[in-house]
Amino acid sequence: MGTTSSTLHQEELEEIQMASNFTQKEIKRLYKRFKKLDKDSSGTITADEFLMIPELAMNPLGQRIISIFDENKDDNVNFREYIKALSVFSARSDKTDKLKFAFKIYDLDNDGFISNGELFQVLKMMVGNNLSDTQLQQIVDKTILEADTDGTGRISFEEFAKVLQPTDIEAKMSLRF
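Residues numbered from 1 in each chain as written. Predicted model: local features only at pLDDT ≥ 70, side-chain atom pairs only at ≥ 80, totals over all residues. Heavy atoms only, no water.

The name recorded for the protein in an unreviewed UniProt entry is EF-hand domain pair, from Carpediemonas membranifera.

If you want it as structure tokens, here you go:
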């Protein structure tokens, strides 16, 4: 639908604008960035192409972030997936959308909960070998204990949002486009 061409059709532009938090001008600018990342001009961005963004390549959660962008799990990110994910980081995106994206980083199996094991795995990605597994497990256990208000042994989105309530998530997860 035109996303492999060098420009977006007006109809496509309006459709993408309706489904995102971006203006048409921002979408056009993001499309140019998308085309630069799409080194093989396939109309999609692979993980390797994504990792050419230095900030993403240096981020210990880079691969995890890319997997969230790849909504249909075909190991490529098309322009609509790219816009939808980046839309969360728009200043016009609401706090709930930002929290849902952050929650997805930890919810590795996509079951709507963060388990002890998932929290351990993601924190391990973040801290590497700076903490022993025992130290990390103690942090995970304490976090689950504090956040899990309904006693299920895992963290729901509502519990996650409650823990992050005092955090200025809008400022931390907003980028200028």
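The next thing to look at is the UniProt feature "domain: EF-hand" (unreviewed entry) in the protein. As recorded in UniProt, the sites labelled "domain: EF-hand" (unreviewed entry) are residues 25-60, 94-129 and 135-170. Taken end to end, residues 25-60 comprises 61% helix and 6% strand; its first and last C-alpha atoms sit 32 Å apart. Secondary structure across residues 94-129 comprises 67% helix and 6% strand; the distance between its end C-alpha atoms is 35 Å. (UniProt positions renumbered as here; feature names shortened; annotations may be inferred. Helix = DSSP H or I, 4+ residues; strand = E, 2+ residues; numbered from the N terminus.)

In total, this model carries 11 aromatic pairs according to the counting rule given. The rings of Y31, F34, F50, F69, F79, Y82, F89 and F101 are connected pair by pair, giving a single aromatic cluster. Here the guanidinium or amino end of R154 rests over the ring plane of F113, the centre of that ring lying 3.5 Å away. (Phe/Tyr/Trp six-rings, centres within 6.5 Å; stacked < 30°, edge-to-face > 60°. Lys NZ or Arg CZ within 6 Å of the ring centre and 35° of its normal.)

So, about a negative patch on the surface. A surface patch of like charges, here negative, comprises D94, D97, D168 and E170. Inspection of the secondary structure assignment puts D168 in the loop between α10 (157-163) and α11 (169-172). (Patch = residues over 30% accessible without salt bridge, like charges linked within 9 Å, V, L, I, M, F, W, Y side chains within 5 Å. Areas by Shrake-Rupley, 256 points an atom, 1.4 Å probe, with all protein chains shown as cover. Salt bridge = Lys/Arg side-chain N within 4 Å of Asp/Glu carboxyl O. Lys, Arg positive; Asp, Glu negative; His and termini not counted. Charge placed at Lys NZ, Arg CZ, Asp CG, Glu CD.)

The next point concerns the packing of helix α1 (residues 10-18) against helix α2 (residues 24-37). Between α1 and α2, whose axes approach to 10 Å, the crossing angle comes to 105 degrees. Classed by the angle they form, the pair α1 and α2 counts as roughly perpendicular. For the pair α1 and α2, the contacting residues are Q10, L13, E14, I16 and Q17 in the first and Q24, I27 and K28 in the second. Here the residues of the contact of α1 with α2 are counted per class, giving 3 nonpolar, 3 polar and 2 charged. (Axes fitted to C-alpha atoms, helices over the stretch in contact; angles between N-to-C directions. Parallel < 35°, antiparallel > 145°, perpendicular 65-115°, else oblique. Contact = heavy atoms within 4.5 Å. Nonpolar A, V, L, I, M, F, W, Y, C, P; charged D, E, K, R; others polar.)

Our next topic: the nonpolar core. F69, F79, Y82 and F101 are the most contacted members of the largest nonpolar core, which totals 47 residues. Sort the elements by how many residues they give to this core and helix α7 (residues 95-106) lands first, with 6 residues. Dropping the residues within four chain positions of it, F101 is found in contact with I65, I68, F69, A85, V88, F89 and M173. (Core = buried A, V, L, I, M, F, W, Y, C linked by side-chain atoms within 4.5 Å. Buried < 20%, exposed > 50% of the residue type's maximum accessible area, 1.4 Å probe, protein only.)

The space that makes up the largest pocket amounts to roughly 680 Å³. Lining the largest pocket we find 24 residues, and of these L56, I65, L86, F89 and L175 sit closest to its centre. The greatest single-element share of the lining of the largest pocket, amounting to 4 residues, is contributed by α7. Per-class residue counts for the lining of the largest pocket are 19 nonpolar, 1 polar and 4 charged. Taken as a whole, the second largest pocket encloses approximately 420 Å³ of empty space. If you trace the second largest pocket, you find 21 residues lining it, with I68, E71, K84, F101 and K104 closest to the centre. Within the residue set of the lining of the second largest pocket, elements represented by two or more residues are α5 (62-69), α6 (79-87) and α7. Taken together, the residues of the lining of the second largest pocket sort by class into 7 nonpolar, 5 polar and 9 charged. (1 Å grid on protein atoms, 1.4 Å probe; cavity = no way out; pocket = protein on both sides within 12 Å on 5 of 7 lines; lining within 4 Å. Points joined across faces, edges and corners; volume = space filled by probe spheres on them.)

Two numbers describe how helix α8 (residues 116-127) lies on helix α9 (residues 133-147): the axes approach to 9 Å, and their chain directions differ by 130 degrees. Here α9 runs oblique to α8, going by the angle between their axes. By crossing handedness, the relation of α8 to α9 is classed as right-handed. Contacts between α8 and α9 involve N116, L119, F120, L123, K124 and V127 from the former and D133, L136, Q137, I139, V140, D141, T143 and I144 from the latter. Classifying every residue of the contact of α8 with α9 by side-chain character gives 8 nonpolar, 3 polar and 3 charged. (Left-handed = near helix turned anticlockwise from the far one by under 90°.)

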